[in-house]
Amino acid sequence: MTLRLYDTATRSVRDFVPREAGTVSVYLCGLTLQAPPHIGHLRSGVNYDILRRWLVAKGYEVTFVRNLTDIDDKILVKAQEQGRPFWSIAYANELILADAYRQLNVLPPTYEPRATGHIPEMQELIGKLIADGHAYPALDGSGDVYFDVTSWPEYGSLSNQSPEDMQSAGDAPDRGKRDPRDFALWKGAKPDEPENAYWPSPWGRGRPGWHIECSAMCWRYLGPEFDIHGGGLDLTFPHHENELAQSRAAGLPFARYWVHHGLLSIGGAKMGKSLGNTLDLAYVDSLGVRPVELRYYYAAAHYRSRIDYSEDALREAATAYRRIEGFVQRAAERVGAGQLGELPAGFVDAMDDDLNTSAALAVLHEVVRDGNTALTGGDDVTLRTTLAATRAMLDILGLDPLDPAWTGGGRADDLRGVVDSLIALALEQRAQARARKDWAAADAVRDQLKLAGVVVEDTPQGPRWTIGEKS
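Criteria and cut-off values
Residues numbered from 1 in each chain as written. Predicted model: local features only at pLDDT ≥ 70, side-chain atom pairs only at ≥ 80, totals over all residues. Heavy atoms only, no water. UniProt positions renumbered as here; feature names shortened; annotations may be inferred. Axes fitted to C-alpha atoms, helices over the stretch in contact; angles between N-to-C directions. Helix = DSSP H or I, 4+ residues; strand = E, 2+ residues; numbered from the N terminus. Parallel < 35°, antiparallel > 145°, perpendicular 65-115°, else oblique. Left-handed = near helix turned anticlockwise from the far one by under 90°. Contact = heavy atoms within 4.5 Å. Nonpolar A, V, L, I, M, F, W, Y, C, P; charged D, E, K, R; others polar. Expected span 1.5 Å × (residues − 1). Pairing = 2+ DSSP bridges. Buried < 20%, exposed > 50% of the residue type's maximum accessible area, 1.4 Å probe, protein only. Core = buried A, V, L, I, M, F, W, Y, C linked by side-chain atoms within 4.5 Å.

As recorded by an unreviewed UniProt entry, the protein carries the name Cysteine--tRNA ligase and is attributed to Micromonospora globbae. Regarding the protein, the UniProt comment filed under Catalytic activity (unreviewed entry) reads as follows: "tRNA(Cys) + L-cysteine + ATP = L-cysteinyl-tRNA(Cys) + AMP + diphosphate".

Structure follows, in structure tokens:
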């Protein structure tokens, strides 16, 4: 079955045919770095990481670009409020974001450009748009430059809107525009903004508008035309609509497919800093939910669906993942970790069907049930096969419990060794209590471990422990 993806531009599920056989180029709109990321932001990273892993599994060589917006109105407001250079705010949040992605096992992008590193490319595009009659310097002498929406008849096609129904772009005063719907490509220096947030240009000292940033970075790293442009559904308009218009007007074919993911809401409202309803990884950790379980929570929903966050749903996802994890650990103890196996046909069909991860996970759970039956029945041949298939599916989803990303590294390995030793000591004390038939003492050790989040299971091979929820 050919991979099929929902394309926002055509509002249909289409067969995916790359521009060049064997290679795929992807651009994902990254974060604006005015604040640390919340779990709504992080869904984007996980969703497109799964897409990337699936493209690689299908044999494609993938170039994956995820930008960072480090100059923007919101960042400048924070800089004024905090009395800090805008770049210090952006960089601090960039480090937090990178750490969050590492915790969630999101693979590093091929390139991760910052907007401020591509001012020349932006100015080149703006100059071409002006020369071709698609942009103009502001009428009020502010130094702003605007895209002329009426010069591009296809404007509104991506978001399926008519320009006649659109309101003012809202990114600058209407007095400098020919039409209120025109949007800013370049913003002239303003006296009430930081003096260090500007660059020289043919139109005066200023900085880029948000939309031109991504067009320039796509062009720089992926060329005039590339395969997939991704981002949240909320970016379809105006951001992606404006990207498409200005890029095509500048003569760039631009993206062949537009793939948007659904949002994560809370109480029915979009999660956002401005609404004060954000939750971050530290909050998730306070619930006793690990990053790998949050990743499973994201993967359990189709990427285009909206997730309405609830603590109960997150805990249910964590419990479901722990069942899978428990099988993998028990099976590996029995027959060895082995190699990744073949992907079941049902899993492949689900992933090829617009990345239907919910259906793919249903296949995975069926295989795990067969594996548990084999484990109980002592059927090691079937157990090896099911373990290999389970790990192969989990690897595509970035959820394999035996992946070094989850088993730790560096300082995490040191701490794991300490924890192993302490738990081994507690289990030895429990064994001694059981040997002398002091059941109360043995149960007390087990209960104390459970309070700390360590679940002890007695097996024919001896006691084994796993990390569960803290009691």
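Undergrad: Help me get a handle on the packing of helix α9 (residues 311-335) against helix α11 (residues 357-377), residues and values and all.
TA: At a minimum axis separation of 10 Å, α9 and α11 run at an interaxial angle of 40 degrees. Here α11 runs oblique to α9, going by the angle between their axes. As for the relative orientation of α9 and α11, their crossing is left-handed in sense. The residues of α11 that touch α9, namely those facing Ala320, Ile324, Phe327, Arg330, Ala331 and Arg334, are Leu364, His365, Val368, Gly371, Asn372 and Leu375. Class assignment of the residues belonging to the contact of α9 with α11 gives a composition of seven nonpolar, three polar and two charged.

Undergrad: Break down α9 for me, with residues and values.
TA: The terminal C-alpha atoms of α9, which comprises 25 residues, lie 36 Å apart, in line with the 36 Å expected from a rise of 1.5 Å per residue. After α9 finishes, the residue Gly336 shows a positive phi value of roughly 90 degrees.

Undergrad: Would you mind going over the sheet that holds strand β6 (residues 145-147) in detail, with residue names and values included?
TA: An order of β5-β6-β7-β8 is seen for the four strands of this open sheet, with the pairing classed as antiparallel. Each of the sheet's edge strands pairs with one partner strand only, and the pair in question is β5 (135-137) and β8 (206-208). When strand polarity is set aside, the average angle formed by the axes of neighbouring strands in this sheet is 20 degrees.

Undergrad: Go over helix α10 (residues 345-352) with me, naming the residues and quoting the values.
TA: Looking at α10, one finds that the buried residues are Phe347, Ala350, Met351 and Asp352. Against β1 (4-7), α1 (39-57), α11 and α12 (380-396) lie the buried residues of α10.

Undergrad: With reference to specific residues and values, describe the nonpolar core.
TA: Core analysis: the largest hydrophobic core is formed by 77 residues, its most contacted members being Leu55 and Ile228. It is α9 that contributes the most residues to this core, 10 residues altogether. Residues within four places of Ile228 in sequence aside, it is in contact with Leu5, Phe16, Val24, Ser25, Val26, Tyr27, Leu51, Leu55, Tyr257 and Val259. Counting residues in hydrophobic clusters, the runner-up holds 45 residues, among them Cys29, Leu76, Met166 and Ala245.

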